[in-house]
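Remarks on the overall topology
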Amino acid sequence: MLDDRTIWYNISLTDGLGPAAAQKIAVRLNELRCGPEIILDKDADWLQSEFGLSARVSESLQVQIEQSISLPEIEYPISMLLPGDEEFPNDRFNKANPALPVVLWALGDRRLLNHRGLSIGIAGSRDAHELAIDATRELAKSASSSGHLIVSGLAQGVDTAAHEGALLGRSGTIGVMASGVKRHQGFMPADENEPVCLVSQFMPNEPWSGPRAMQRNAVIASLSDRVVIAASGKSGGSWEMAQLCLKKKK
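The paragraphs below set out a description of the structure included in this document.

Cut-offs applied
- Residues numbered from 1 in each chain as written.
- Predicted model: local features only at pLDDT ≥ 70, side-chain atom pairs only at ≥ 80, totals over all residues.
- Heavy atoms only, no water.
- Helix = DSSP H or I, 4+ residues; strand = E, 2+ residues; numbered from the N terminus.
- Expected span 1.5 Å × (residues − 1).
- Buried < 20%, exposed > 50% of the residue type's maximum accessible area, 1.4 Å probe, protein only.
- Arc of directions from axis to C-beta.
- Pairing = 2+ DSSP bridges.
- Axes fitted to C-alpha atoms, helices over the stretch in contact; angles between N-to-C directions.
- Core = buried A, V, L, I, M, F, W, Y, C linked by side-chain atoms within 4.5 Å.

1. Notes on helix H4 (residues 55-67)
Taking 1.5 Å of rise per residue, the 13 residues of H4 would be expected to cover 18 Å, and the 19 Å separating its terminal C-alpha atoms lies within 8% of that figure. Inspection of H4 places Val57, Ser58, Ser60, Leu61, Gln64 and Ile65 among the buried residues, and these make up the whole buried set. Projected down its long axis, H4 shows its buried positions confined to an angular sector of 160°, all on one face. At the exit of H4 stands serine 68, carrying a positive phi of roughly 45°.

Listed below in structure tokens is the structure:
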């Protein structure tokens, strides 16, 4: 019989079943007070009616669970976090807006994913004016000094300033990557005790790409209670991030 982690991994691989549908499943399982093993002996009609999935996605989920693909091998110090794991942001997973991915690959201080205070996402242009860069760094430092967690991407410019300020404030920072966490290019501090966590929804060796950067922005918003757009042009990733947050009323 499959364990809960393997079931969730198979859920994440189901064709057409994205984060929003996975969140529906997690919320309903919580209401039923049971784990994902309940779906193992259910047919597509039950999955459709119980979780509010489409007929096509319900059929795909049934097929995927029957295939029971095993968990991938993990190379230390990278972790693969799934719903139910102690370090997975389980409380946020059920209510994140936009919804969180089922699988998060993590490197560094994973405890930050369950930070109890306010999480502030910061996004902005790589080539922002130096005044915006300085303001971002001071904002992140002040927020972090007040006990707030900073969440940002891993690009130059605004993202880097956000992480620098957060480390000065000492509450911690999460870097959300548009590639796999193995491609962090030396961002992780030399001191392992620094409150830094890198996370990605992509397999550890996956390269950066434009579409992945857009998907990454949604995860920054998912892990944040508030989002600041420090600098943006009238198009591009920062602009799209702003539109996403306005749409999600964040």
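2. Examining the sheet that holds strand S6 (residues 196-200)
Ordered in space as S1-S2-S6-S5-S4-S3-S7, the 7 strands form an open sheet in which the pairing is mixed. Each edge of the open sheet carries a strand with a single partner, namely strand S1 (79-81) and strand S7 (226-231). Looking at each pair of strands side by side, their axes are set apart by 25° on average, direction ignored. Looking at chain direction, strand S3 (residues 119-124) and strand S4 (residues 149-152) are connected through 4 bridges and run parallel.

3. Description of the nonpolar core
If you look at the biggest cluster of nonpolar residues, it comprises 51 residues, and the most contacted ones within it are Trp8, Ile25, Leu61, Ile174 and Leu223. By residue number, the principal contributor to this core is helix H2 (residues 19-32), which donates 5 residues. Residues Ile122, Ala132, Ala140 and Ile150 belong to the second largest nonpolar core, which totals 13 residues.

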